[in-house]
Amino acid sequence: MTDVHIILAAPTDRAIKHLIESEGFVIGVDGGAKVAWEENIALDLALGDFDSLGQSKAGAIKKQVRETLTFPSEKDDTDAELALLYVLENLEAENIYLYNWAGGRQDHLYSLFMLVLQERFKALIPKLQFISDNNRIAYYLPGEYQLKKEKSMDYLSFILLTEVSQLTIEEVKYSVENKSYQEPRALISNEFLTDSAYFSFEQGIIAVIQSRDHQ
């Protein structure tokens, strides 16, 4: 089992290298390969159509990557979907961390957040985490969980992506007890009371976001 780090291509002026906290398999997705190259992050795989990079820069990046997979610009799957398909088919992932996902086109952002609703990616749901300086997003299937507070984050939100049944949230400022929701709902701006919180539910998919205001 290994951690997988996927660097996406959203435009950014923020460094991401400091966010990668474990060893593992590193994938640069299209322009994300350029971000990795500029920050001297070693890539195991570069994946995408690379049209936006230009031939000379794409060539320089590819020379420093262990493996490159090039796809046509017109295709059914997004580059992020292709990266996750690669993980499914080739790696035994323990955790899958995605970086550099915010700040670009909103349709790209929505498509990323909705990946967990695709049946083919169901096995990856408990492993996915979106990481940035101001946000940590993790996904959960039905069960009981104890959340650990991220030291730098202030807020705790529960995004119900589907119908959710018997949701309980405890050890937080605004608790919920055995409540069911018939449609997606965003329960935002909660807060930890201590350094951990408990939640459980019996049906659905939930994204849990720990966040802070932009710094």
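Data block above holds the structure.
Residues numbered from 1 in each chain as written. Predicted model: local features only at pLDDT ≥ 70, side-chain atom pairs only at ≥ 80, totals over all residues. Heavy atoms only, no water.

**Re helix α3 (residues 79-90)**
Owing to its 3.6 residues per turn, the α-helix brings residues three or four apart onto one side. Which entries qualify depends on this criterion: Under the scheme used here, helices are H or I runs from DSSP no shorter than 4 residues and strands are E runs no shorter than 2 residues, and both carry numbers assigned from the N terminus. Take the residue count of a helix, subtract one, and multiply by 1.5 Å to get its expected span. Buried, partly exposed and exposed residues are distinguished by accessible area as a fraction of the type maximum, computed with a 1.4 Å probe on protein chains only: under 20%, between the cut-offs, and over 50%, respectively.
Across its twelve residues, α3 extends 16 Å between first and last C-alpha, which sits within 8% of the 16 Å expected from 1.5 Å per residue. Taken across its twelve residues, α3 has nine buried, putting it largely inside the fold. All of the buried residues in α3 are Asp 79, Ala 80, Glu 81, Leu 82, Ala 83, Leu 84, Leu 85, Tyr 86 and Val 87.

**Digging into a nonpolar patch on the surface**
Note the threshold: Patch membership requires over 30% relative accessible area and the absence of a salt bridge. Like charges are linked within 9 Å, and nonpolar side chains (Val, Leu, Ile, Met, Phe, Trp, Tyr) within 5 Å. Method for areas: the Shrake-Rupley scheme with a 1.4 Å probe, in which residue coverage is limited to the protein chains shown. Each reported salt bridge corresponds to a side-chain nitrogen of Lys or Arg within 4 Å of a carboxyl oxygen of Asp or Glu.
On the surface, Tyr 110, Met 114 and Leu 117 cluster together to form a nonpolar patch covering roughly 320 Å² of accessible area. Relative to the helices and strands, Leu 117 resides in the loop between α4 (106-113) and β6 (128-131).

**Thoughts on the side chain of Glu 39**
Where we set the bar: N or O atoms within 3.5 Å of each other form a polar contact, as long as, within protein, one can give a hydrogen and the other can take it, and as long as residues adjacent in sequence are counted only when both atoms are side-chain atoms.
Within the secondary structure layout, Glu 39 lies in the loop between α1 (31-38) and β3 (45-48). Within the structure, the side chain of Glu 39 is placed 3.0 Å from the backbone nitrogen of Ile 16, a separation counted as a polar contact. A polar contact is formed between the side chain of Glu 39 and the backbone nitrogen of Lys 17, at a distance of 2.9 Å.

**Section: the sheet that holds strand β12 (residues 185-190)**
Using the following cut-off: Only when DSSP finds a minimum of two bridges between them are two strands counted as paired. Lines fitted to the C-alpha atoms define the axes, with helices restricted to the stretch that makes contact. Angles between their N-to-C directions range from 0 to 180 degrees.
Pairing in this open sheet of ten strands is mixed, and the strands run β4-β3-β2-β1-β5-β6-β7-β14-β9-β12 from one edge to the other. Looking at the sheet topology across the chains shown, the edges are occupied by β4 (67-70) and β12. Geometrically, the sheet is characterised by an average inter-axis angle of 15° between neighbouring strands, direction not taken into account. Pairing analysis gives four bridges linking strand β1 (residues 2-7) to strand β2 (residues 25-29), with the strands arranged parallel. The residue bridging Ile 6 from the neighbouring strand is Ile 27, located in β2.

**So, the pattern of salt bridges**
A side chain with one charge may pair with a side chain of the opposite charge, provided their charged atoms come close. The full count for this structure, using the stated rule, is eight salt bridges. Across the pair Glu 191 and Lys 173 runs a salt bridge, and its minimum N-O distance is 3.9 Å. One end of the pair, Glu 191, is in the loop between β12 and β13 (196-201); the other, Lys 173, is in the loop between β10 (164-170) and β11 (176-181), and 18 residues separate them in sequence. Bridged by salt links that share partners, the residues Asp 77, Glu 81 and Arg 120 form one connected network.

**Remarks on α1**
Within the sequence span of α1, burial applies to Gly 31, Gly 32, Ala 33, Val 35 and Ala 36. Two residues or fewer past α1, Asn 40 is found with a positive phi of approximately 60°.

**Observations regarding the nonpolar core**
Here is the rule we go by: By nonpolar core is meant a set of buried Ala, Val, Leu, Ile, Met, Phe, Trp, Tyr and Cys residues that side-chain atoms within 4.5 Å join together. Any two residues whose heavy atoms approach within 4.5 Å are treated as being in contact.
Among the nonpolar cores identified, the biggest contains 35 residues, and Ile 6, Ile 27 and Ile 96 are the most heavily contacted of them. With sequence-adjacent residues up to four places away left out, Ile 6 is seen in contact with Ile 27, Val 29, Ala 83, Leu 84, Val 87, Ile 96, Tyr 97, Leu 98 and Tyr 99. Formed by 19 residues, the second largest nonpolar core is a distinct cluster that contains Phe 158, Val 164, Ile 169 and Ile 206.

**A look at the sheet that holds strand β8 (residues 143-148)**
Read from one edge of the open sheet, four strands run β8-β13-β10-β11, paired in antiparallel fashion. The sheet terminates laterally at β8 and β11, the two strands that pair on one side only. In this sheet, adjacent strand axes meet at a mean angle of 20° when their direction is disregarded. In this structure, β10 lies alongside β13, joined through three bridges in antiparallel fashion.

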